[in-house]
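Commentary on secondary and tertiary structure
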Amino acid sequence: MADPENAMGATTLRYAFGNVLSFFILLLIGVLAFSIRLFSVIKYESVIHEFDPYFNYRVTQFLTKNGIYDFWNWFDDRTWYPLGRVIGGTVYPGLTLTAGTLWWILNSLNVPLSVETVCVFTAPIFSAFASWATYLLTKEVKGAGAGLTAAALLAMVPSYISRSVAGSYDNEAVAIFALIFTFYLYIKTLNTGSLFYATLNALAYFYMVCSWGGYTFIINLIPMHVLLCIVTGRYSSRLYIAYAPFVVLGTLLAALVPVVGFNAVMTSEHFASFLVFIIIHVVAFVYYIKGILSPKMFKVAVMLVISVGLAVCCAVMAILIALVASSPTKGWSGRSLSLLDPTYASKYIPIIASVSEHQPPTWPSYFMDINVLAFLVPAGIIACFLPLSDASSFVVLYIVTSVYFSGVMVRLMLVLAPAACIMSGIALSEAFHVFTRSIKFQLPGLLGSSQVDSGDASSSTVVAQNDAGKVEKTEDTAKERPSKKNKKKEKEIVDKPSLKTKIEKRLLVLPLEASIFAILLLVLLGAFYVVHCVWAAAEAYSAPSIVLTSHSPDGGLHVFDDFREAYAWLSHNTEVDDKVASWWDYGYQTTAMANRTVIVDNNTWNNTHIATVGTAMSSPEKAAWEIFNSLDVKYVLVVFGGLVGYPSDDINKFLWMVRIGGGVFPHIKEPDYLRDGHYRIDSQATPTMLNCLMYKLSYYRFVETDGKGFDRVRRTEIGKKHFKLTHFEEVFTTHHWMVRIYKLKPPKNRIRGKAKKLKSKTSTTTSTKRSGANKRNPWH
Amino acid sequence: MHIVRGSTARHHTHTAMEAPLGARLTLALSIFAFLSLLTTAFSQQIQILNAERRVDLTSHIVRVFLTLKVENTGTAPATEILLAFPPTQVDHLAVVKAQAATGKRKKQTYVPLDVKPTELPDAPNGTKYFIISLLSPLNSGETATLEVLYILTHSLEPFPAEISQSEPQLVYYHDSAIILSPYHIKQQTTFIKTPTAKVESFTRVEPTNRVSTELKYGPYEDRPPYSFSPIIVHFENNNPFAVVEEIVREVEISHWGNLQITEHYKLVHTGARHKGVFSRVDYQSRPSFSGVSSFKHLLARLPPRVHSVYYRDEIGNISSSHLRTDNRKSELEIEPRYPLFGGWKATFVIGYGLPLQDFLFESSDGKRYLNFSFGCPLAETSVDKLTIKVVLPEGSKDPSAVVPFSVEQRLETKYSYLDVVGRTVLVLEKKNLVPEHNSPFQVYYTFNQIFMLAEPLMLVSAFFFFFVACVAYLHIDLSIRK
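Residues numbered from 1 in each chain as written. Chains lettered and ligands numbered in written order. Predicted model: local features only at pLDDT ≥ 70, side-chain atom pairs only at ≥ 80, totals over all residues. Heavy atoms only, no water.

Under an unreviewed UniProt entry, the name given to chain B is Dolichyl-diphosphooligosaccharide--protein glycosyltransferase subunit 1, and the organism recorded is Hevea brasiliensis. Here chain B is described in UniProt, under the heading Subunit (unreviewed entry), as follows: "Component of the oligosaccharyltransferase (OST) complex." UniProt, in the comment section headed Pathway (unreviewed entry), describes chain B in these words: "Protein modification; protein glycosylation." (UniProt positions renumbered as here; feature names shortened; annotations may be inferred.)

As recorded in an unreviewed UniProt entry, chain A goes by the name dolichyl-diphosphooligosaccharide--protein glycotransferase, listed as coming from Hevea brasiliensis. According to its UniProt record, chain A has this under Catalytic activity (unreviewed entry): "a di-trans,poly-cis-dolichyl diphosphooligosaccharide + L-asparaginyl-[protein] = N(4)-(oligosaccharide-(1->4)-N-acetyl-beta-D-glucosaminyl-(1->4)-N-acetyl-beta-D-glucosaminyl)-L-asparaginyl-[protein] + a di-trans,poly-cis-dolichyl diphosphate + H(+)".

The number of helices and strands found in chain B is 5 helices and 31 strands. Within chain B, buried positions represent 48% of all 482 residues. Contacts spanning at least 24 positions in sequence make up 75% of the contacts within chain B whose residues lie at least 6 apart. Accessible surface for chain B amounts to roughly 22900 Å². Of this, 57% is attributable to carbon and sulfur atoms. (Helix = DSSP H or I, 4+ residues; strand = E, 2+ residues; numbered from the N terminus. Buried < 20%, exposed > 50% of the residue type's maximum accessible area, 1.4 Å probe, protein only. Contact = heavy atoms within 4.5 Å. Areas by Shrake-Rupley, 256 points an atom, 1.4 Å probe, with all protein chains shown as cover.)

Moving on to the pattern of salt bridges. Residues and elements named next belong to chain A. Scanning the entire structure with this criterion turns up 48 salt bridges over all chains. Across the salt bridge formed by Lys 43 and Glu 539, the nearest N and O atoms sit 3.7 Å from each other. Taken together, the residues Lys 43 in helix H2 (residues 39-43) and Glu 539 in helix H26 (residues 512-540) connect sequence positions 496 residues apart. Classification of Lys 43 by relative accessible area gives partly exposed; the value is 37%. Residue Glu 539 is classed as partly exposed on the basis of its relative accessible area, which comes to 48%. (Salt bridge = Lys/Arg side-chain N within 4 Å of Asp/Glu carboxyl O.)

This part takes up the packing of aromatic side chains. In total, this model carries 64 aromatic pairs over all chains according to the counting rule given. Geometrically, the ring pair formed by B:Tyr338 and B:Trp344 is edge-to-face, given 6.2 Å between the ring centres and 70° between the ring planes. When sorted by exposure, B:Tyr338 lands in the same class as B:Trp344, which is buried. The rings of A:Trp569, A:Tyr635, A:Phe732, B:Phe278, B:Tyr283, B:Tyr338, B:Phe341 and B:Trp344 are connected pair by pair, giving a single aromatic cluster. When the ring centre of A:Tyr160 is taken as reference, the NZ or CZ atom of A:Arg37 above it lies at 4.9 Å. (Phe/Tyr/Trp six-rings, centres within 6.5 Å; stacked < 30°, edge-to-face > 60°. Lys NZ or Arg CZ within 6 Å of the ring centre and 35° of its normal.)

Attention now goes to the environment of B:Leu418. By the secondary structure assignment, B:Leu418 is in the loop between strand E29 (408-414) and strand E30 (423-433). Judged by its relative accessible area of 22%, B:Leu418 falls in the partly exposed class. Between the alpha carbons of B:Leu418 and B:Leu459 there is a distance of 9.1 Å; along the sequence they are 41 residues apart. Setting aside anything within four residues of it in sequence, one finds B:Leu418 in contact with A:Leu109, A:Asn110, A:Val111, B:Glu455, B:Met458 and B:Leu459.

With that out of the way, let us pick up the confidence of the model for chain B. Residue and element names in this part refer to chain B. Confidence in the prediction of chain B, expressed as mean pLDDT, is 84, and 90% of residues score 70 or more. Predicted confidence for residues 1-25 stays below pLDDT 50, and this span has 35 contacts to residues more than four positions away or in other chains. The model gives residues 32-42 a pLDDT under 50, and that stretch makes 15 contacts with residues more than four places away or in other chains. Interface scoring of the predicted complex returns ipTM 0.84; its pTM is 0.83. (pLDDT = per-residue confidence, 0-100.)

Now for the pairing of strand E4 (residues 93-102) of chain B. Residue and element names in this part refer to chain B. Burial of E4 is extensive: 7 of the 10 residues sit out of reach of the surface. With 8 bridges connecting them, E4 and strand E7 (residues 143-152) associate as antiparallel partners. Among the inter-strand pairings, Gln 99 is bridged to a residue of E7, identified as Glu 147. Pairing of E4 with strand E5 (residues 109-118) involves 5 bridges; the strand directions are antiparallel. Bridge pairing in E5 links Thr 102 to Thr 109. (Pairing = 2+ DSSP bridges.)

Glancing now at the interface of chain A and chain B. Often, the extent of an interface is quoted as the loss of accessible area on bringing the components together. Tallying the contact residues gives 29 residues for chain A and 28 residues for chain B. For the pairing of chain A and chain B, the buried interface totals around 2400 Å² over both sides, and the portion due to carbon and sulfur atoms is 51%. When residues of chain A are sorted by the area they lose upon contact with chain B, A:Asn110, A:His572 and A:Glu730 head the list and together hold 22% of the total. Inspection of the chain A/chain B interface yields 4 salt bridges. Residue A:Asp561 is joined to B:Arg337 by a salt bridge in which the shortest nitrogen-to-oxygen separation is 3.1 Å. Across the contact surface, chain A and chain B share 20 residue pairs in polar contact (both at pLDDT 80 or more). Elements with a minimum of two residues in the side of chain A that touches chain B: helix H27 (562-573), helix H34 (703-706) and strand E10 (728-733) of chain A. Here the side of chain A that touches chain B takes 7 residues from H27(A), the largest share from any one element. (Buried area = accessible area lost by both parts, 1.4 Å probe. Polar contact = N/O pair within 3.5 Å; in protein donor to acceptor, adjacent residues only side chain to side chain.)

Bringing helix H20 (residues 373-384) of chain A into the picture now. Residue and element names in this part refer to chain A. Taking 1.5 Å per residue as the helical rise, H20 with its 12 residues ought to reach 16 Å, and the 16 Å between its terminal C-alpha atoms agrees with that figure. Residues of H20 that are buried: Leu 373, Leu 376, Val 377, Gly 380, Ala 383 and Cys 384. For H20, the angular spread of the buried residues around the axis is 125°, confining them to a single face. Within H20, the exposed residues directed more than 90 degrees away from the buried face are Phe 375 and Ile 382. (Expected span 1.5 Å × (residues − 1). Arc of directions from axis to C-beta.)

Residues and elements named next belong to chain B. Topologically, His 274 is positioned in strand E18 (residues 273-274). Look at His 274 and you get buried, because its relative accessible area is 14%. Only 3.2 Å separates the side chain of His 274 from the backbone oxygen of Val 277, close enough to count as a polar contact. Here His 274 is in contact with Ile 163, Gln 165, Phe 341, Gly 342 and Trp 344, once residues within four sequence places are set aside.

This part takes up a nonpolar patch on the surface. Residue and element names in this part refer to chain A. Taken together, the side chains of Phe 285, Tyr 288, Ile 292, Leu 304, Val 305, Val 308 and Val 312 present a nonpolar region at the surface, about 690 Å² in accessible area. Here the nonpolar patch gets 4 residues from one element, more than from any other, and that element is helix H15 (residues 295-326). Using a relative accessible area of 53% as the deciding quantity, one classes Tyr 288 as exposed. (Patch = residues over 30% accessible without salt bridge, like charges linked within 9 Å, V, L, I, M, F, W, Y side chains within 5 Å.)

Before going further, it helps to spend a moment on the sheet that holds strand E7 (residues 633-639) of chain A. Residue and element names in this part refer to chain A. With respect to topology, 5 strands assemble into an open sheet ordered E6-E5-E7-E11-E10, the strand pairing being mixed. Strands with a single pairing partner mark the edges of an open sheet, and in this sheet they are strand E6 (597-598) and E10. Bridge count between E10 and strand E11 (residues 739-744): 5 bridges; the pairing is antiparallel. Counted as the bridge partner of Glu 730 is Tyr 742 from E11.

Right, let's talk about empty space enclosed by the protein for a bit. All names here are of chain B. Applying the stated rule across the entire model yields 5 cavities of 30 Å³ or more. Approximately 150 Å³ is the volume found for the largest cavity. Leu 66, Ala 84, Tyr 150, Ile 179 and Leu 180 are, among the 19 residues lining the largest cavity, the residues nearest its centre. Of all elements in the fold, only strand E1 (46-56), strand E2 (62-72), strand E3 (78-85) and strand E10 (170-176) reach the threshold of two or more residues within the lining of the largest cavity. Among the elements that make up the lining of the largest cavity, the one with the highest residue count is E3 (4 residues). Taken together, the residues that form the lining of the largest cavity break down as 14 nonpolar, 3 polar and 2 charged. (1 Å grid on protein atoms, 1.4 Å probe; cavity = no way out; pocket = protein on both sides within 12 Å on 5 of 7 lines; lining within 4 Å. Points joined across faces, edges and corners; volume = space filled by probe spheres on them. Nonpolar A, V, L, I, M, F, W, Y, C, P; charged D, E, K, R; others polar.)

Another point: unusual backbone geometry. Residues and elements named next belong to chain A. Cis geometry is adopted by the peptide bond preceding Pro 82, which originates at Tyr 81 and carries an omega value of 0°. Relative to the helices and strands, Pro 82 resides in the loop between strand E1 (75-76) and strand E2 (85-86). Following Leu 386, the chain continues into Pro 387 via a peptide bond in cis, with omega recorded as -10°. The residue Pro 387 is located in the loop between H20 and helix H21 (390-408) in this model. A positive phi angle is found at Asn 110, which is not glycine, with a value near 60°. According to the relative accessible area criterion, Asn 110 is buried, its value standing at 17%. At Asp 676, a position not held by glycine, the phi torsion is positive, near 55°. Structurally, Asp 676 is set in the loop between helix H31 (650-664) and helix H32 (687-691). Here Asp 676 falls in the exposed class, since its relative accessible area comes to 69%.

Pasting the structure below:
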C-alpha cells in the first residue's frame, strides 16, 4: 500500500470505477426519465395530447410529407379562414424539425415508425437528454455527485413531467433540454475559457431559439450574469470568451429563424444583451489599458475614458430609447410585458389573460410541481456560496429570476423546475457529503487510513474545488483585490461561509447519531419525493385530455371519447372545404383531427378575428347566423359538459368570449350577461344570456334528457328550457353530448320576404353578396 | 374452380346507360318483344322442365337460389348449360356457383360444378352468359338437377333516396318475374323473401300472391327463351347496409412465429341517405323509432388464438370494442366512433397477431405455403374492392398464389424493420366481394432459414463496431502537441 505506484493504480482504478458507475447511473436516470413519462401510453394510449401538440403534429406531418422547403413556404389555408396563416414564418420550427429528423433517420434505417409514434415519444426522449444536460451543468457547478443527484431529481420533477409525458408533443419538450444544455455550455466555457465551447454554446442557443419563445430568458439571464460578474469584480478573459462570441454568433443565428428574424436585434427583449456586450468590451478595454499603462497614466486614461464613455453611452441610450419608443408596445411583446408587470395582460389583453396557462400559479401548485425541492432550494443556494464561483453565482441568479417568472405565469414553472433541481441536487449532495464524512470519521473500525478518506472526499467536491482552484491560480492578483473588497461589503453573507470553509478543512464533524438520523431523514425526504413524482406522473399529468375516463362504482372504466367522435364525424361526413366555427380552443384539434378549415385557432394572432367569433357566440341567433354566414361558416361546434359534468366546456369559458368580443365590438357588454355581477344560467339569468347563441346551442333539447334540464357542471336547472332554433340545425351530437355540431340553415327563399320584412331581406342579401365575394376570394 | 369476371360486361352496360331516364322498363319490354320474335336461338336441344327461384332480400346482399331441372331434348349429348343474366345484374354479380345433385333422394350429394362467364355471338340486347360445365355429358333424353346460387350486391335501391332520422328505409328491388334463360322453361316459380311483412308495393304478374314476408310469382307455364317480365318490389329493409368501399389487408409473415394482420377499412352506409337533423336525444331515448336503418355494431370473425388485437383509426384508439375468444373462433365486436346513418362514412384499422404454425405449412416439394382466408372478416358486409398484401419474409423467392377465383396479382417490395433487400409483397386484388368469398387461399414461396439470422447479426455487428470504435477512440491521442 505504501508503494506510490500501487496507490496511483488504486486511485486510477477508483476513478475508472467511479466513472463507469456514474455512466451507468446516468443511463438509469435516462431510462427513468423516459419510462416515468410512459404512464399516459400505458394507461390511455399512444396519442397526441391536448391542443397545441396537435398543431405541432400536423406541422410535422406536413414536413415529413412535403419536405423542408415546402415547410418554410407553407401557407396554411385551413385555418384563420379567410385570412390563412403563414406557418413557416410564424412557428418555432425546432420541435418539428427534431421530430421530423428523427422520423427521417428511422425511416432511412427502414424502421417504419409512424410520424405519430415519433411525435409521441419525442418528449420522453428529450427529457432523458435534459436530465443528462442537468448532470453536466451541475457537474460544472458543484461536481459529479451533485450532478447525479440533480439529474435524478430532474428526471422525475412533476413540473417537467406535466409538459413532457409521452404524447405531450409541445415546444417545451425539447426546449427545456436546449435551455439546460445552453446553460451548461455557457458555464463550461466560463470554466475553461475555450472558444470551442463558446461556439457550441451559440449553436445550442440557436437550437433553443428554434424551439421556444422562452429563449429570451437565456438572452437576458446570461447578460445579467455577465453584468453580475463584472460588478462583483469577477471579470476575466474566460468571461469575455463565454459572452462575446455567444452574443454575436447567437444573434446572427437567431436571426436566421424566420419567426424571430429581425426581432433578434429590434425588440427590447434582446437589448440587454447588446448593452452588456458594450459594457464587457469597455471593461475588457479598461483591463487591457490597465495592464499596459503605469498606475499614473492609468488614472489619466480613466478620466479620459469616463468623459468620452459617458458621451457615447448617452448617445447609445438615446438611440435605444428612441428605438424603443418608436414601437407601439414600447418594443415589448404582450407576453413579455405581462411578465414584467403581472397585471398588464388582464388589464389590456384579455386574449392573453384568458389562456389558462398564463394565469399566476397558486401556492399549492408549487408544492404539486416541485414538491420537496421547494424546501431544498434555500439549502442549495447556501451551498452555492461555499465557495461562490462564477458557475455557482450563475445558478443562484438562475433560480432567483426563475422564481420570479414562475410567480407570474404558471407556464413558466417549467423554467423554475431545472433550477430547483440543480439547487436541490447541490443541497442534497452537500448534505450527504457532510453527514457521510462525519459518520466515516467516527467509525474508525470500518475504514482504514485517512489517506483513503481524503481520496474519497475528493470524489465530489474537491474535483470542483480543484477546477475552481486552477481557475483562481490563472487569475491575476490585481483582479482578486476588488473581489475581496466586494466580499467585505457583503460581510453577512460571505464571511460566514468563508469561515465555515476554513472550519470544514479542519473536519467539521457532526455527532454520529445526528448524522445517521439526518441521513435517514434525507432518504425519507427523497422517498417522499419519488412517491409524489410517480403519483403525479401516473394520476395527475398523464391524461391526454381528448379522452376522459371515469371509474364507475363497480370498478369498471368508462371512457368518454366524445371529442374524437365529433372530429371523426366531421372528417368523414362533411365536405372537404366546409368551414367549422368554434371557440379558438378547439381550432388546432379540428384542423388536425377533422381536417376541416377553422375560423380561429390556438395561435391567437388575430384578436379581431377571435372577437368576431366571440361576438357571434354571444349574439342572438339571427345576428350570429349573419356573422357566421359572412365568414362562410357551415358548421358550428360547441363543447357542452352539462350532461356528464365536464367542467371545461364552452359555457364556463363563455365570459371570455363576451369579454374578448366586447373588446372589439362594443355592443357586446359584459354586464348584460351577468345578473348582479354573477354569471348564471338558471332562471335568474339575464335575457341576453338566455338568448345568446352559445346558450341555445349548448342547451338545445337538453331538457328532454331528464325532463328538468339539470346542468351537472353548474349544478342548477337551466333557465330557458324549451326553445327552437330558427337559423341553425343540429347535425351531430356525440354520445355523451360533450360536442354538439350545428349546421347553418341555408338562407330562406326571397319569395317569402314580404314588404314588411324588407329590412331582414336586405340584410340577408348583403350577406349573401358578401359570401359571394368570399367565394371569389383566392384563399377560398 | 369457377371464375367470376364482371369486367367484360361494360360495353353492354353502356348501351343500357344510353337509354333515357326510366328506361329500364321499356328496355326490358323491348328485350322481351325482341326476343319473342327471335326463334332462332342457338342450341335448342335443352329445355328446363322445372325452375324454382328463391330470392332472399333480407339483407342488403341479395342471394338467389335457383334450382333447375334440365332435360336434353336434342340428339347430341350436352356438356354445358347456359345461365343468362340481364346486363344490369351482371355488374352487381358477386358470385355464381352451381352444383349438381347426384344420387337418390335420401343420399343426395352435391358436386360443385365449374362456372365460367362466356360470350355468345348473338346475345340479344346485351344478355350475359355463364356457362356451367357438367361433370358428365347429359345424354339425349336424360334429366339433371342443378342448384345455382348467385349473389348480387348493390341491387337494392333506396327509395326515397333520402330519409330523415325517424323514417324507416324503403328499397326497390328490380328483377324479372320470369327467369331469363336461353332455354324453353316448362314450369317456373319465383319466391321473393322480404325482411319484414312491410311491403309497400310490388308488380303483379299473375299469378302473384303474397303471404306475410314471402312473395310468390308463378307458377308460369311454357315460357319461350328470353322471356322477361320486369317487376319492382318496394319494401322496408332496415338491415345495416354496411359496405366496405375498400379494404387493404396486410398479412406479414415472420418466421419468428407470428403472423401480423393489419386491415384498413373504408366503411360506408349505402342505404337511404340521411337527411337533415341528427338528434342524439331522439336516437338515445327512442331507439325503436329513431334511426332504425342506422347501425353501430359490426362483428368481425377472426381466426382462433388471435392475440394483440387493436382497433383504431387515424386519430387514435377506438375504445368501443369487445373481443370474445374460444378455441374455434374469435369474435370481435366493434363500434365505429359514431352510429352510421345512410351515406355516412367511417374509416378504421383492425390489427391482430396470429400464431404462425396455424397458417404456415410446408408442402411436399419443400416449398412453404401460407393458408389464409380471403375476403373481409366483417360479417354480412359486401366489399367493393379488396387488396390483400402478403408480405413474405426478407429473402423469400418464387412467390405464387393459389386463389379459388380470379384475382389480379402483382408483386411489390416493402422495406420494414432493418431490411436491406426488402420484402417481397404479393398483392392480390379483387372487386365486389361478399362473405361467400371467405374461402382459404394459398401463397407458396421458398425461404432459406438462414435469412432469419441476418437482422440479429446485423445488429450484433453494428454494436460490436460501435464498441470497437469507442475503444479505439479512447486509445488514440489526437492532440497536435503534447
